[in-house]
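# Examining the three-dimensional arrangement
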Amino acid sequence: MAHSAISQVSVAVPLQTDSSFRRFTFKATSLTFSDKSCISMPSIDLKVARFRSQNIVSMSVQQASKAKVSVSPLSLEDAKEPPLNIYKPKEPYTATIVSVERIVGPKAPGETCHIVINHDGNLPYWEGQSYGVVPPGENPKKPGSPHNVRLYSIASTRYGDSFDGKTASLCVRRAVYYDPETGKEDPSKNGVCSNFLCNAKPGEKVNITGPSGKIMLLPEDNPNATHIMIGTGTGVAPFRGYLRRMFMESVPSFKFNGLAWLFLGVANTDSLLYDDEFTKYLSDYPGNFRYDRALSREQKNNKGGKMYVQDKIEEYSDEIFKLLDEGAHIYFCGLKGMMPGIQDTLKRVAEERGESWEQKLSQLKKNKQWHVEVY
């Protein structure tokens, strides 16, 4: 967390447990967070999420809104190329579960968990990459062999949620199968890996492969670039990593001053993921961050139907197309079923503007502005 120098201003720090806040007060005249100094501040609130076995700073400082969290080791910035497939399926890395937390409300359909994994610095990755997880047990289709690898987009920056380069976080929805005839859950058909991860306990071991993937890497050559992120459900994972790097962490070699625009599609308010983090960036960096939610079971689109993420894209289509023409990067992550509706919307909008979507898409891909990871 950020380094601080202490002497005479009241600083309230809420420490969040599962259901309550405890407030601690200490005196200070000068608080220094990495390269920013806040002198004689009347009150600074830090929100600390209690993840069972360790405290992880999950928000930036409220009143010193531009102060960022110090990270280490900064040597993680030195590599010119992303790490790729350090550990392979035949010889995975044995990591340790730090915490498993349900991060959706009671009215969310299904369960989504935030899982922090300790790799002790041995499995470095870049934002936008994925880890493979090999669940325990044997593959029923290949007796005697391990299960196939399941890929999960990493939901943290390279420094992890504890900012020390030793952990990675995954955002996992529990895959549950319901018999169409009886309507009852059939555990024998449930997702093996997602249930293993969501049921895991702190200290439990987990076999990891990777990291893999280059298509979703965050281009950092232009700190003033525009990044349009479109995610559904757990597809928000890589975008959480991008946004923490842009707005939460103090990385001397990366000073983001562009525009990040997140479109997130989920079923309802209880299904929103990392909403407190994103809302905080919105208040702290209103000129650099935009955040639009599509809640399919609570909102209506312009035609009176359910509000899906492609409807939000259509709503802002003129602006989005203008930004793409100016060189913006656009990213899509989530279930592959999201793409046909989005592509149809973009094609219709392009045609209404007198443009060929096929030509435009070809140009976006050629310029490396188009990034898609669906599963």
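The structure displayed is predicted, hence computed values, not measured ones. (Residues numbered from 1 in each chain as written. Predicted model: local features only at pLDDT ≥ 70, side-chain atom pairs only at ≥ 80, totals over all residues. Heavy atoms only, no water.)

Helices and strands together make up the secondary structure of the protein, namely 7 helices and 19 strands. Scored against the burial criterion, the 375 residues of the protein give a buried share of 52%. In the protein, 70% of the contacts between residues at least 6 apart in sequence involve partners at least 24 apart. Of the accessible surface of the protein, which amounts to about 17700 Å², a share of 50% is contributed by carbon and sulfur atoms. (Helix = DSSP H or I, 4+ residues; strand = E, 2+ residues; numbered from the N terminus. Buried < 20%, exposed > 50% of the residue type's maximum accessible area, 1.4 Å probe, protein only. Contact = heavy atoms within 4.5 Å. Areas by Shrake-Rupley, 256 points an atom, 1.4 Å probe, with all protein chains shown as cover.)

Moving on: the environment of Trp 370. With respect to the helices and strands, the residue Trp 370 is situated in strand β19 (residues 370–374). Accessibility expressed as a relative area gives 9% for Trp 370, which makes it buried. Along the sequence, Trp 370 and Ala 328 sit 42 residues apart, while their C-alpha atoms lie 9.1 Å from each other.

Let's shift gears to unusual backbone geometry. The residue after Ser 72, namely Pro 73, is reached through a cis peptide bond having omega -5°. Turning to its location among the elements, Pro 73 is positioned in the loop between β7 (69–70) and β8 (93–102). Following Gly 210, the chain continues into Pro 211 via a peptide bond in cis, with omega recorded as 0°. Here Pro 211 lies in strand β13 (residues 205–212). Although it is not a glycine, Asp 120 sits at a positive phi angle of roughly 60°. Within the secondary structure, Asp 120 sits in the loop between β9 (112–118) and β10 (130–134). In the Ramachandran plot, Lys 368 falls in the positive-phi region, its phi being about 60° despite a non-glycine side chain. Checked against the element boundaries, Lys 368 lands in the loop between α7 (357–366) and β19. Look at Lys 368 and you get exposed, because its relative accessible area is 63%.

Right, let's get into the nonpolar core. Across soluble globular proteins, nonpolar side chains have a tendency to be buried as a group. Leu 243, Met 246, Phe 247, Leu 262, Phe 278 and Phe 289 are the most contacted members of the largest nonpolar core, which totals 37 residues. Of all the secondary-structure elements, those providing two or more residues to this core are α2 (237–247), β16 (259–266), α3 (275–284), β17 (289–295) and β18 (329–334). For this core, the element with the most residues is α2, which contributes 6 residues. If sequence neighbours within four positions are ignored, Leu 243 has contacts with Met 229, Met 248, Ala 260, Leu 262, Phe 278, Tyr 281 and Phe 289. Within the second largest apolar cluster, 24 residues are counted, among which are Phe 263, Leu 323, Ile 342 and Leu 346. (Core = buried A, V, L, I, M, F, W, Y, C linked by side-chain atoms within 4.5 Å.)

Here we come to the side chain of Ser 153. When you line up the elements, Ser 153 lands in strand β11 (residues 150–153). Given the relative accessible area of 11%, Ser 153 is considered buried. Within the structure, the side chain of Ser 153 is placed 2.7 Å from the side chain of Glu 373, a separation counted as a polar contact. Excluding residues within four positions of it along the chain, Ser 153 makes contact with Gln 129, Ser 130, Ser 169, Leu 170, Ala 237, Pro 238, Cys 333 and Glu 373. (Polar contact = N/O pair within 3.5 Å; in protein donor to acceptor, adjacent residues only side chain to side chain.)

What follows is about the pattern of salt bridges. Counted by the stated rule, this structure contains 22 salt bridges. Residue Glu 111 is joined to Arg 102 by a salt bridge in which the shortest nitrogen-to-oxygen separation is 3.9 Å. The class for Arg 102 is partly exposed, based on a relative accessible area of 40%. One salt bridge in this structure joins Asp 318 and Arg 353, with 3.4 Å as the shortest N-O distance. Placement of the pair is Asp 318 in helix α5 (residues 317–325) and Arg 353 in the loop between α6 (338–352) and α7, with a sequence separation of 35 residues. (Salt bridge = Lys/Arg side-chain N within 4 Å of Asp/Glu carboxyl O.)

With that out of the way, let us pick up the sheet that holds β16. Taken in spatial order, the 5 strands make up an open sheet running β17-β16-β14-β18-β19, and their pairing is parallel. Among the strands making up the open sheet, the edge pair consists of β17 and β19. Mean inter-strand twist for the sheet, computed between neighbouring axes without regard to direction, equals 10°. Pairing of strand β14 (residues 226–232) with β18 involves 5 bridges; the strand directions are parallel. Note that in β18 the partner of Gly 231 across the bridge is Cys 333. The sheet strands contacting α2 are β14, β16, β17 and β18, and the helix crosses β14 at an angle near 145°. (Pairing = 2+ DSSP bridges. Axes fitted to C-alpha atoms, helices over the stretch in contact; angles between N-to-C directions.)

Turning next to α7. Listing the buried residues of α7 in full gives Trp 357, Lys 360, Leu 361 and Leu 364. Seen along its axis, α7 keeps its buried residues to an arc of 100°; they face one direction. In this structure, α7 carries Gln 359 and Lys 366 as exposed residues pointing more than 90 degrees from its buried face. Residues of α7 that are buried make contact with α5, α6 and β19. (Arc of directions from axis to C-beta.)

Attention shifts here to the UniProt feature "binding site: NADP(+)" (unreviewed entry) in the protein. In the numbering used here, UniProt assigns the feature "binding site: NADP(+)" (unreviewed entry) to Ser 153, Arg 173, Thr 234, Ser 296, Arg 297, Lys 306, Gly 334, Leu 335 and Glu 373. For the largest pocket, the lining residues drawn from the annotated set are Ser 153, Arg 173, Thr 234, Ser 296, Arg 297, Leu 335 and Glu 373. Along the chain, Gly 334 falls in strand β18. With sequence-adjacent residues up to four places away left out, Gly 334 is seen in contact with Thr 232, Gly 235, Glu 373, Val 374 and Tyr 375. (UniProt positions renumbered as here; feature names shortened; annotations may be inferred. 1 Å grid on protein atoms, 1.4 Å probe; cavity = no way out; pocket = protein on both sides within 12 Å on 5 of 7 lines; lining within 4 Å.)

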